[in-house]
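Spelled out from the first residue to the last, the chains are:
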Amino acid sequence: MNSQILGRSVYPLLGVVVILALWQIYTWLSGISPLVLPSPVQIASVSIKRYDLLLQQTWPTLVETILGFALALLIGIPLAVLVANSRLFNLVLYPILVAMQSIPKVAIAPIILVWFGLGLSSKLALAFLVAFFPIVVDTATGLTATPPGLLELAHALCASRRQVFLKVQMPAALPFIFAGSKVAITLAVIGAVIGEFVGSVTGLGNLVLAANAQLDGPLAWAALVWLSALGILLFAAVALAERLMMPWEHASHH
Amino acid sequence: MIEPAIQRDPGPPKSRSGAVTSEDSSRRPFGRFENVHKTFKRPGQASLVAIDTVSFNLYAGQLIALLGPSGCGKTTFLRIAAGLIPKTSGIVEINGIEVERPQPDFGMVFQQPNLMPWRTVLKNVLFPIEIQGDADGGAVQRAADLLLLVGLSGFEHSYPSQLSGGMQQRVALCRALVHQPKLLLMDEPFGALDELTRMEMQDLLLDIRAKTAATVMLVTHSISEAIYLSDEVAVFTSRPAKVADFITVDLPYSRRPETRYAPEFTELEHRAGRALGITR
């Protein structure tokens, strides 16, 4: 058991360490300019030294991401309920949703910026737009994938439509909703950064651009490291919420 | 559970067809099935006659088995009795009500346990109470008593995924009984279990029945299961279903595993086999 846990954390770490070591050695030997490719040690030291700046720039990105994701849940789940339960809504909405999804978000970012301005709301809108689709599709799939045996049981007990929805369909769809949410939260970070790239004065995405423009390679890379750490943390938060809300999935076996 | 214990010896005088003889006309059947017929309309195909005509009576406290080959329409018949699907014609009257939709005072056990993975064992058993909204304080106690009866006390707060198939089906049995149904409908309830678990569950069902005096209608394709459990066995022909034979099982309760080796038991199995066209 202990050796299993050890193995599961040691091997992934080992891979990362090897790559970082090779990277470090390469930058030493090649003498490549830090603007083009800073060494891992440089990036790490900037990540720590400029902690204040990085943390300060993390907040806007974090807020944009979380609000966009929350809005995607708030609008996406009820929409999925409509799509899953009404044939009319399904026929009307699905093509629109798919059409919306096939528009490259980078391409509409400038338009969003025109509509919502340089502030928080345009980043929020972009984070929402990319996070929204996986939530709707996965939730709708989950709601229509209720085991027929459970529906028949509820029917045999004279359950109302509302009871079937709340006590059978919704809990049965939870694993799907969380699967969609995990994809959505990582996409929401990307959406927020797209927004920051196109027009912004704050955020980690903006910092990457600004550092690059000032030929400060190590800072740009440090901002990237922080961004990816942010994505991982948010993903872990959703995974934790899943564990807490679905304890039966992790119940130990006798 | 609501029904008073039925005095089963001497049993109600019945003819071989299951019809009540004239001297017993005072005893009204609990369930009346008359010329029940079912045709499935299939778009673009010839319609499918699932049940030709089936008629019999069911008496309160009885356990009746519908025995027949796979796909013969016995499950369709049970689902009609449960009000889950409509009949094409005929009379299905249970407890004085013409059954056209599911009845809240029926309990149902399916071939699969159909437990909700997100609910604990106790919450699964209490599901019917929750749906029907009559959560008197006694419900939790009743659920606990039932779980004790099936040997699952201590597992109240386990999740279904932590239980074996046989244990899950026992939970399903408790769930079907928790709201004290007037009629228990069972659709090949032990069909998915291994032989030993199955025999255990059969004895458990007999035990529960002795304690609750529940009226039970059970679908099975096992001859020995049908004989072992039932007061009456309606042997169905292959599709379209008709009643080939209606066998009164005169073996005394309580039945024990040894009962399976009694000559009378074998004789009844033989008779059912003949009705099914398996033996001569």
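What you see is a predicted model, and the numbers here were worked out from it, not measured in a lab.

A. Structural detail: the overall build of chain B. A count of helices and strands for chain B gives eight helices and 10 strands. When each of the 280 residues of chain B is scored for burial, the buried share is 54%. Taking as baseline every contact in chain B between residues at least 6 positions apart, the subset at least 24 positions apart corresponds to 70%. About 11900 Å² of surface is accessible on chain B, with carbon and sulfur atoms providing 52% of the total.

B. Layout of the interface of chain A and chain B. At the interface, 20 residues of chain A touch 24 residues of chain B. Summing both partners gives a buried area of about 2200 Å² for chain A against chain B, and 67% of it is carried by carbon and sulfur. Interface area lost by chain A to chain B is led by A:Leu157, A:Lys167 and A:Trp248, which between them contribute 29%. Scanning the region where chain A abuts chain B turns up two salt bridges. Here A:Lys167 ties to B:Glu130 by a salt bridge, and the two come within 2.6 Å at their closest N and O atoms.

C. Representation of the nonpolar core. B:Phe33, B:Phe56, B:Phe77, B:Ile94, B:Leu185 and B:Met217 are the most contacted members of the largest nonpolar core, which has 101 residues in total. Sort the elements by how many residues they give to this core and helix α8 (residues 161-198) of chain A lands first, with 13 residues. Other than its neighbours up to four places away in sequence, B:Phe77 contacts B:Phe33, B:Val36, B:Ile51, B:Val54, B:Phe56, B:Leu66, B:Met217 and B:Phe236. Counting 50 residues, the second-largest nonpolar core is a separate cluster that includes B:Cys174, B:Ile208, B:Ala226 and B:Phe265.

D. Just the packing of helix α3 (residues 51-85) of chain A against helix α9 (residues 204-213) of chain A, in detail. Residues and elements named next belong to chain A. At a minimum axis distance of 7 Å, the contact between α3 and α9 shows a crossing angle of 130°. In this view, α3 runs oblique relative to α9, as classed from their interaxial angle. Two secondary-structure elements touch here, α3 through Leu53, Leu54, Gln57, Thr58 and Thr61 and α9 through Leu204, Gly205 and Leu207. Across the contact of α3 with α9, the residue classes break down as four nonpolar, four polar and no charged.

E. Representation of the packing of aromatic side chains within the structure. Across all of its chains, the model carries nine aromatic pairs over all chains by this definition. Here A:Phe128 and A:Phe132 contribute two aromatic rings whose centre-to-centre distance is 5.2 Å and whose plane-to-plane angle is 40°, an arrangement assigned as tilted. On the criterion of helical spacing, the pair formed by A:Phe128 and A:Phe132 is a turn pair, its members being four residues apart in helix α6 (residues 120-144). Residues B:Tyr228 and B:Phe265 carry aromatic rings whose centres are separated by 6.4 Å and whose planes lie at 70° to one another, so their mutual orientation is edge-to-face. One end of the pair, B:Tyr228, is in helix α7 (residues 223-229); the other, B:Phe265, is in helix α8 (residues 263-276), and 37 residues separate them in sequence. Given the relative accessible area of 0%, B:Tyr228 is considered buried. On the basis of relative accessible area, B:Phe265 is assigned to the buried category, the value being 0%. Here the aromatic cluster, defined as three or more aromatic residues joined through ring pairs, consists of B:Phe33, B:Phe56, B:Phe77, B:Phe236 and B:Phe246.

F. Geometry of unusual backbone geometry. Omega for the peptide link from B:Arg239 to B:Pro240 comes to -5°, which places this bond in the cis form. One non-glycine residue with positive phi stands out, namely A:Leu215, at about 55°. Within the secondary structure, A:Leu215 sits in the loop between α9 and α10 (217-245). Look at A:Leu215 and you get exposed, because its relative accessible area is 59%.

G. Structural detail: α6(A). Residues and elements named next belong to chain A. The end-to-end C-alpha distance of α6, which contains 25 residues, comes to 36 Å, matching closely the 36 Å that a straight helix rising 1.5 Å per residue would cover. Bending of α6 peaks at approximately 30° at the position of Ala131, with proline Pro134 no more than four residues after it. Of all the 25 residues making up α6, 19 are buried; the element is thus mostly covered by neighbouring parts of the structure.

H. Region of interest: the environment of A:Leu230. Residues and elements named next belong to chain A. On the secondary structure map, Leu230 appears in helix α10. Overall, the relative accessible area of 7% leaves Leu230 in the buried class. Put simply, Leu230 and Thr186 are 44 residues apart on the chain and 9.2 Å apart in space, counted from C-alpha to C-alpha.

I. Up close: the sheet that holds strand β9 (residues 232-236) of chain B. Residue and element names in this part refer to chain B. Taking strand neighbours across the sheet as the criterion, the 10 strands line up as β5-β4-β1-β2-β10-β9-β3-β8-β7-β6 in an open arrangement whose pairing is mixed. The strands lining the two open edges of the sheet, one partner per strand, are β5 (97-98) and β6 (106-109). Two elements, strand β3 (residues 63-67) and strand β8 (residues 215-220), share five bridges in a ladder whose sense is parallel. Paired with Leu66 across the strands is Val219, a residue of β8. Sitting on the sheet, helix α6 (residues 195-212) touches β3, β7 (183-187) and β8, and the angle it makes with β8 is about 160°. Against the sheet, α8 contacts β3, β9 and β10 (241-248), and its axis sits at roughly 165° relative to β10.

J. Quick peek at a nonpolar patch on the surface. On the surface, a nonpolar cluster with roughly 620 Å² of combined accessible area is contributed by A:Leu6, A:Val10, A:Tyr11, A:Leu14, A:Val18 and A:Leu22. For A:Leu22, the position within the fold is in helix α1 (residues 2-30).

K. The arrangement of the pattern of salt bridges in detail. Residue and element names in this part refer to chain B. Per the stated rule, a full pass over the model turns up 17 salt bridges over all chains. With a closest N to O distance of 3.8 Å, Glu188 and Lys74 form a salt bridge. Here the residue Glu188 occupies a position in the loop between β7 and α6, and Lys74 occupies one in helix α1 (residues 74-81), the gap between them amounting to 114 residues. An identical accessibility class is assigned to Glu188 and Lys74; each is buried.

Calculation criteria
Residues numbered from 1 in each chain as written. Chains lettered and ligands numbered in written order. Predicted model: local features only at pLDDT ≥ 70, side-chain atom pairs only at ≥ 80, totals over all residues. Heavy atoms only, no water. Helix = DSSP H or I, 4+ residues; strand = E, 2+ residues; numbered from the N terminus. Buried < 20%, exposed > 50% of the residue type's maximum accessible area, 1.4 Å probe, protein only. Contact = heavy atoms within 4.5 Å. Areas by Shrake-Rupley, 256 points an atom, 1.4 Å probe, with all protein chains shown as cover. Buried area = accessible area lost by both parts, 1.4 Å probe. Salt bridge = Lys/Arg side-chain N within 4 Å of Asp/Glu carboxyl O. Core = buried A, V, L, I, M, F, W, Y, C linked by side-chain atoms within 4.5 Å. Axes fitted to C-alpha atoms, helices over the stretch in contact; angles between N-to-C directions. Parallel < 35°, antiparallel > 145°, perpendicular 65-115°, else oblique. Nonpolar A, V, L, I, M, F, W, Y, C, P; charged D, E, K, R; others polar. Phe/Tyr/Trp six-rings, centres within 6.5 Å; stacked < 30°, edge-to-face > 60°. Expected span 1.5 Å × (residues − 1). Bend = angle between axes of the 7 residues up to and from the residue. Pairing = 2+ DSSP bridges. Patch = residues over 30% accessible without salt bridge, like charges linked within 9 Å, V, L, I, M, F, W, Y side chains within 5 Å.

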